[in-house]
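# Chains, contacts and geometry: an overview
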Amino acid sequence: MRREIYLFTAALLFVSGNMTTGYVFSVIDGNIRTAAAALFLFCIFSIALIFLIKRTISWAILLVFPFSGASGAAAHEFFRPGPESSSLSDSRSLTVEGIISDGGLSSTGRPFLLIETGNESTIIYNIPPGTGWMPGDTVRASKVGCARVRNFTPDFDYRRWMERQGIFYTCFFRDNSGLDIRACASPSLRFVPARLRKKFSYAVDRALPADEMSGTRAVVKALAYGYQDEIPAETVENFRQSGAIHLLALSGMHLGLLYGMLTYLLAFAGNSPTVRRIRSLLTIAALWAFTVFTGCGVSILRAAVMFSIYEAGAVFGRERSGTESMALSAIIITIADPDAPSGLSFQLSYAAMTAIFLIYPHLRAIVPVRTRISGNIIDICAMTVACQITTAPVIFLHFKTFAFFSLLANLLCTPLISVAMILIPAVFAAPWLGEGTAAAAAAVLKTVIKIFIDINTVISHL
């Protein structure tokens, strides 16, 4: 237990140092690169000083972690490309050439393409509806208007957020613009997951073709690989008001369901040391395959790293600890992406996991369990309350709102999500068993999704 607390504290200090540094840079109006260099040198000097003065006291070494997190964020900020490195400019007529990395619909319903142009990216909005494309295809857009990314509201620094994605200018397709897309026969390996997601989207449209199933299709895509662009704004707002918006986002919960299914399916192989190692390796491989397929979002990436560390304990014959796995994954993800801790997804993910490991067991022990059904209900309630304790402050700080009925929404909707996650692959496997089976599976999935949406619509109006 002492080791778990030590590592948890170290991770908390490491991430806190990173976030504090990120906040400092967000309020600096001057030369950020100079400030980043100065802060980096100060952190390195502080770390060296701590080791020289307190090198024999283990708990004093914890002071190294906030400076380490801060130095990593400072170094990342120093080497980050700025708008001066962009090949684009404010212009009403430019030719943009590059490689399509993604696309979809904007928040206002405008089709767009995300284009990689050298060392930066740009978004081309208002592309003609029905344009065929796949990630990895090359594109040449002529006579498009481009403009520097600007902030729309004083509440959110949209420009800085876009710059962290390597996007300094956005472009707009006009009436006289031209678009030439050339298919790529042998795309780079890094585009394969995105192409698979695109093909899966087409498969969902074919499996659920009716117009009245558009809402079902949108939610299925969100649950399967995190694509939320097609979900109506009204539905998203209802889920936000009900406190169940996290159920629409691909998160650690979805990977947790997959982990549980894999654990159950592989349990038949036995429990010898060799079998446990093989089972853990297969589980890690499957989890990472799904993570890469979904695009390595922060929430699911966090869960994949955490589950991998957890299962690695079995591979190397060591005791597994959820708290240690969570702490190590936070440090690893922060090192790999110093921008991650400043994101809402990261904060909510780790706030929820902290609640599950440190608060949920104590809440769960309060109420005695007499039947399996009552035990499942108590589990969901205890876990939801625990997560509310840690995530509610984060949500309030970001949105100044609090969902009072989130416990009810999560209690009713979590089982539906589990059923939907099982039905989604069943719908695509059903055609092998005949058209009738495929239609029946699609009808059941549509019913489950409709109940899922209706529950949150009702709760949002309470």
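First things first, this report covers the structure right here in the doc. Note that the coordinates shown come from a computational prediction; the quantities given were computed from them, not determined experimentally.

## Describing the overall build of the chain
- In terms of regular secondary structure, the chain is built from 15 helices and 6 strands.
- Taking 462 residues into account, the globule formula puts the C-alpha radius of gyration at 23 Å, and the chain, at 24 Å, falls close to it.
- Oriented by its inertia axes, the alpha-carbon framework of the chain measures out at about 70 × 65 × 50 Å.
- When each of the 462 residues of the chain is scored for burial, the buried share is 43%.

## What to know about helix α7 (residues 233-242)
- Listed as buried for α7 are Thr235, Val236, Asn238, Phe239 and Ser242. The arc that holds every buried residue of α7, seen down its axis, measures 160°, which confines them to one face. In α7, the exposed residues that point more than 90 degrees away from the buried face are Ala233 and Glu234.

## A look at the nonpolar core
- If you look at the biggest cluster of nonpolar residues, it comprises 37 residues, and the most contacted ones within it are Phe200, Leu208, Val219, Leu223, Leu445, Ile449 and Phe452.
- Once residues lying within four places of it in the same chain are set aside, the contact partners of Leu223 are Leu247, Leu250, His254, Ile417, Ala420, Met421, Ile424 and Ile449.
- Among the nonpolar cores identified, the runner-up in size contains 20 residues, and Val15, Ala304, Tyr350 and Met353 belong to it.

## Section: unusual backbone geometry
- You will see that Asn126, though not glycine, has its phi angle at about 65°, which is positive.
- Along the polypeptide, Asn126 turns up in the loop between β3 (120-125) and β4 (138-148).
- Among the residues examined, Asn126 registers a relative accessible area of 32% and is labelled partly exposed.
- For Lys143, which is not glycine, the phi dihedral falls at a positive 55°.
- Looking at where Lys143 falls in the secondary structure, it is placed in strand β4.

Thresholds applied
- Residues numbered from 1 in each chain as written.
- Predicted model: local features only at pLDDT ≥ 70, side-chain atom pairs only at ≥ 80, totals over all residues.
- Heavy atoms only, no water.
- Helix = DSSP H or I, 4+ residues; strand = E, 2+ residues; numbered from the N terminus.
- Rg over C-alpha atoms; globule rule 2.2 N^0.38 Å.
- Buried < 20%, exposed > 50% of the residue type's maximum accessible area, 1.4 Å probe, protein only.
- Arc of directions from axis to C-beta.
- Core = buried A, V, L, I, M, F, W, Y, C linked by side-chain atoms within 4.5 Å.
- Contact = heavy atoms within 4.5 Å.

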